[in-house]
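Chain residues, written in single-letter form:
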Amino acid sequence: MTTCWVPGADGSPYGVQTLPYGAFRRGGGEQRLGVRVGDLVLDLRGAEEADEILAGGALCAPTLDAFLAMGRAQWTTTRRRIVELLTEPEHQARIAPLLIPLSEVDLALPFTVGDYVDFYSSEQHASNVGQIFRPGQPLLTPNWRHLPIGYHGRAGTVVVSGTPIVRPYGQRRSSDGPVFGPSRRLDIEAEVGFVVGVPTELGERVPTGRFADHVFGVTLVNDWSARDIQAWEYQPLGPFLGKSFATSVSPWIVPLEALDHAWVPAPVQDPPVLDYLREDDRRGLDLAIVVEWNGTRVSEPPFAGMYWTPAQQLAHLTVNGASLRTGDLYASGTVSGVRRDQVGSFLELSWGGTEPIKLDDGSERTFLEDGDTVTITATAPGPDGSTIGFGDVTGTVTPAA
Ligand code: MN
């Protein structure tokens, strides 16, 4: 096992096996790029300005955008160099001054979100929502096993973890016709997001085997959802204002290189999929997700069993020739396992609001109340028994303004 000279890094989920990228400000200063190691952040701008890392100046920028566009060879070279700097003792005296305690920084959204797409790739989630929203009908729509269903979301309202979530207004159905007001069924969706680095030309397709040429890394997503607004508006064109008011992401992007040990076989697909969705080696990521509601652990969604893989999602997203831009973000869809304590939304946890959940403080919930805080975290297996940490995506609901 590689030994890191940074105190507290070895044995933590943020040792050199992880090294997620983010952006930070210190004391109201300008935004800079960083890599987390232990409970510290390595100032990448400082490192590149001192010629400790060479990335063509991309790491001196306030966002990862230029670095994301550089591609796999540069990503891998840079990661190797950072590992060297943090493990070889001869670098310690020069690099230690570039490490800043996380407690002294504010974390920011580290990339410019291009387009945002959200999928619907958990069979269990889709089946649960089918039962709750369309009782008496087949659990899955006829297309569900043939393509990864998705929709285009709103990139401009993707916010970094910690951003307050203002309860949205909208229309909801009532027995007397539509009513306008603050959502009464505000919910979460625990998801995993994929950040595109290398763009494509209009008309180009990304086959399943080219996933790693384009996707830089992985981040946690909370796709906040107003179920009453969504249920009234979603047919026939899909989610709109019930989702677009805010989507939170973790401040850390875990690079794909950190996840080599986290891939597991994905479920066998039946019926077989069309050729462009076929994979020689079907793999999913073994992320263990945890959802906390006001500090109470309410669910542990398993990501490994997702029916559609991130490589299939990317292949489908581009099969019509739609181009990718650096910073495009696509999310898995709500992650739900088979058990009630494995679901990724409160719609499912409270079964459409009919079965309240008891929190540790004795209070009961069906959907989110003003002042509630939801935190989603995840870990994955790393090399040599180590753990990969994904940071957290958190948000507190504030009253409708
Ligand atoms: Mn979603």
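Keep in mind the model is a prediction, meaning the values are calculated, not measured. (Residues numbered from 1 in each chain as written. Predicted model: local features only at pLDDT ≥ 70, side-chain atom pairs only at ≥ 80, totals over all residues. Heavy atoms only, no water.)

### Considering the coordination of the manganese ion
1) Next: In this structure, Asp-118 (OD), Glu-189 (OE), Glu-191 (OE) and Asp-223 (OD) serve as the protein donors to the manganese ion, at separations of 2.1 Å.
2) Next: If you list the donors of the manganese ion from N- to C-terminus, the spacing comes out as D-x70-E-x1-E-x31-D. (Donors = N, O, S within 2.8 Å, 3.2 Å for Na, K, Ca; no water.)

### Side note on helix 5 (residues 123-133)
1) Next: Considered for burial, the residues of helix 5 that qualify are His-125, Ala-126, Ser-127, Asn-128, Val-129, Gly-130 and Ile-132.
2) Next: On its buried face, helix 5 sits against helix 9 (346-349). (Buried < 20%, exposed > 50% of the residue type's maximum accessible area, 1.4 Å probe, protein only. Helix = DSSP H or I, 4+ residues; strand = E, 2+ residues; numbered from the N terminus. Contact = heavy atoms within 4.5 Å.)

### Section: the domain arrangement of the protein
1) Next: Structurally, the protein comprises domain 1 (21-108) and domain 2 (116-398).
2) Next: On a C-alpha basis, the centres of domain 1 and domain 2 stand 29 Å from each other.
3) Next: Counting from both sides, the interface comprises 19 residues of domain 1 and, opposite them, 18 residues of domain 2.
4) Next: Across the domain 1/domain 2 interface, buried area totals approximately 1500 Å², and carbon plus sulfur atoms make up 68% of it.
5) Next: Area buried by domain 1 at its contact with domain 2 is led by Tyr-21, Leu-68 and Arg-72, which between them contribute 39% of it.
6) Next: Summed over the shared surface of domain 1 and domain 2, the result is one salt bridge.
7) Next: Its salt-bridge partner being Glu-257, residue Arg-72 comes within 3.1 Å of it at the nearest N-O pair. (Domains from an automatic or database assignment. Buried area = accessible area lost by both parts, 1.4 Å probe. Salt bridge = Lys/Arg side-chain N within 4 Å of Asp/Glu carboxyl O.)

### So, the sheet that holds strand 9 (residues 165-166)
1) Next: In space, the five strands of this open sheet follow the order 9-26-25-20-21, with mixed pairing throughout. Two strands lie at the open edges of the sheet, namely strand 9 and strand 21 (296-299), each paired on one side alone.
2) Next: Here strand 9 pairs with strand 26 (residues 387-398) via two bridges, running parallel. By the bridge assignment for strand 26, Val-166 is matched with Thr-398. (Pairing = 2+ DSSP bridges.)

### Focus: the pairing of strand 3 (residues 40-43)
1) Next: The two faces of strand 3 match: Leu-40 and Leu-42 on one face and Val-41 and Asp-43 on the other face are all buried.
2) Next: Bridging between strand 2 (residues 32-37) and strand 3 involves four bridges; their strand directions are antiparallel. Bridge pairing links Gly-34 to Asp-43 in strand 3.
3) Next: Adjacent in sequence and paired antiparallel, strand 2 and strand 3 are bridged by two residues, among which Gly-38 carries a positive phi angle near 60°.
4) Next: When strand 3 meets strand 4 (residues 99-101), the two strands line up antiparallel, connected through three bridges. Paired with Leu-42 across the strands is Leu-99, a residue of strand 4.

### Brief notes about the side chain of Gln-269
1) Next: Relative to the assigned elements, Gln-269 resides in the loop between strand 18 (263-265) and strand 19 (283-285).
2) Next: The class of Gln-269 is buried, set by a relative accessible area of 11%.
3) Next: Polar side-chain contacts of Gln-269 include one of 3.2 Å to the side chain of Arg-282.
4) Next: Within polar-contact distance, the side chain of Gln-269 engages the side chain of Gln-312 at 2.9 Å.
5) Next: What Gln-269 contacts, discounting residues up to four positions off in sequence, is Arg-282, Tyr-307, Trp-308 and Gln-312. (Polar contact = N/O pair within 3.5 Å; in protein donor to acceptor, adjacent residues only side chain to side chain.)

### Looking at the environment of Leu-44
1) Next: Structurally, the position occupied by Leu-44 is in helix 1 (residues 44-49).
2) Next: Spatially, the C-alpha atom of Leu-44 lies 17 Å from that of Phe-216, the residues being 172 residues apart in sequence.
3) Next: Once you skip the residues sitting within four places of it in the chain, Leu-44 turns out to touch Tyr-21, Leu-33, Gly-34, Val-35, Ile-53, Leu-59 and Ile-82.

### Here's the deal with the packing of aromatic side chains
1) Next: All told, the structure shown has 13 aromatic pairs when counted by the stated rule.
2) Next: Centroid distance Phe-194 to Phe-211: 6.2 Å. Interplanar angle 70°. Geometry classified as edge-to-face. Here Phe-194 is found in strand 13 (residues 190-196), whereas its partner Phe-211 is found in helix 6 (residues 211-214), with 17 residues between them in sequence. One exposure class covers both Phe-194 and Phe-211, and it is buried.
3) Next: Geometrically, the ring pair formed by Phe-211 and Trp-263 is edge-to-face, given 6.1 Å between the ring centres and 90° between the ring planes. On the criterion of sequence distance, the pair formed by Phe-211 in helix 6 and Trp-263 in strand 18 is long-range, its members being 52 residues apart.
4) Next: Taking the relative accessible area as the measure of exposure, Phe-211 reaches 6% and is therefore buried. (Phe/Tyr/Trp six-rings, centres within 6.5 Å; stacked < 30°, edge-to-face > 60°.)

### A word on empty space enclosed by the protein
1) Next: Per the stated rule, a full pass over the model turns up one cavity of 30 Å³ or more.
2) Next: Roughly 30 Å³ of internal volume is contained in the largest cavity.
3) Next: Lining the largest cavity are Gly-284, Leu-285, Phe-303, Met-306, Trp-308, Thr-309 and Pro-310. (1 Å grid on protein atoms, 1.4 Å probe; cavity = no way out; pocket = protein on both sides within 12 Å on 5 of 7 lines; lining within 4 Å. Points joined across faces, edges and corners; volume = space filled by probe spheres on them.)

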